[in-house]
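# Examining the three-dimensional arrangement
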Amino acid sequence: MKNKILLPAIILLALYSCIERQNFDQYDDLEIIPTVEASILYIESPERLLNEIPGQDFYSQDFNFDGFSADAFSDRVLDGFIFYEIENTTSKEMEATVEFLDEGGNTLDTQYFHIDPAPTPLVQLQVAYGTGTGRSIEIIKNTSSIKLSVLNLGDNSSVSNLPDPKIIFRSSGKFRLRLK
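Assignment of secondary structure puts Asp 109 in strand 5 (residues 107-115). Of the polar contacts made by the side chain of Asp 109, one reaches the side chain of Arg 135; its length is 2.7 Å. Setting aside its immediate chain neighbours within four residues, Asp 109 contacts Val 98, Glu 99, Phe 100, Tyr 129, Arg 135 and Ile 139.

One open sheet holds the 4 strands; their spatial order is 1-8-3-6, and the pairing between them is antiparallel. The open sheet has two edge strands with one neighbour each: strand 1 (35-46) and strand 6 (123-130). With direction set aside, neighbouring strand axes in the sheet form an average angle of 10°.

A few words now on the environment of Gln 111. For Gln 111, the location among the structural elements is in strand 5. By relative accessible area, which is 6% here, Gln 111 ends up buried. The sequence separation of Gln 111 and Phe 100 amounts to 11 residues, and the corresponding C-alpha distance is 8.9 Å. If near-sequence neighbours (up to four positions away) are discounted, Gln 111 is found in contact with Tyr 84, Ala 96, Thr 97, Val 98, Leu 125, Val 127 and Arg 135.

According to the stated counting rule, one finds 7 salt bridges in the structure shown. Between Arg 176 and Asp 79 there is a salt bridge whose closest N-O contact spans 2.8 Å. Here Arg 176 is found in strand 8 (residues 166-177), whereas its partner Asp 79 is found in strand 3 (residues 77-88), with 97 residues between them in sequence. The salt bridge involving Glu 85 is made with Arg 170; its shortest N-O contact spans 3.3 Å. Here Glu 85, found in strand 3, pairs with Arg 170, found in strand 8; they are 85 residues apart in sequence, far enough to count as distant. By relative accessible area, Arg 170 is classed as partly exposed at 26%.

Each value, and the rule that gives it
Residues numbered from 1 in each chain as written. Predicted model: local features only at pLDDT ≥ 70, side-chain atom pairs only at ≥ 80, totals over all residues. Heavy atoms only, no water. Helix = DSSP H or I, 4+ residues; strand = E, 2+ residues; numbered from the N terminus. Polar contact = N/O pair within 3.5 Å; in protein donor to acceptor, adjacent residues only side chain to side chain. Contact = heavy atoms within 4.5 Å. Pairing = 2+ DSSP bridges. Axes fitted to C-alpha atoms, helices over the stretch in contact; angles between N-to-C directions. Buried < 20%, exposed > 50% of the residue type's maximum accessible area, 1.4 Å probe, protein only. Salt bridge = Lys/Arg side-chain N within 4 Å of Asp/Glu carboxyl O.

Scope: geometric values only; no functional claims are made or implied.
As structure tokens, then:
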């Protein structure tokens, strides 16, 4: 007789203890913040081209870059970094300027680089944008083009003794986006 009362009581107690009230509001508490990374600019120029350009103004180009101003990105970006790398195996001393421009052509942000002649280490720079980083994320959101200018500070006749001398400029970005 004890088993007839005890067994159903244990089963009932076990079923009741395993049941949890469902919380369908968990979706509202969910945050999805992935990090996306992509290349921005890659430019390479051999030293012979540097020697063919008269004067010091070697290169200046505006690149249309709507990737930052697209709604899918600009409405969701929280913060991030832009990484720059400059590799110089030429005999030239140069200065490079990168400008982020808005739709009206106004400069939002500028980065300057001094590039020594080869042999030199790789020039690297990481610039943070977003809350608490010193640079506003609004710069990134409002960028519609990027201007790169390179100034040759040396002469146009010297030649590096390294094989295949060239200058390479690379940039990439890594940003956190709030999807939900």
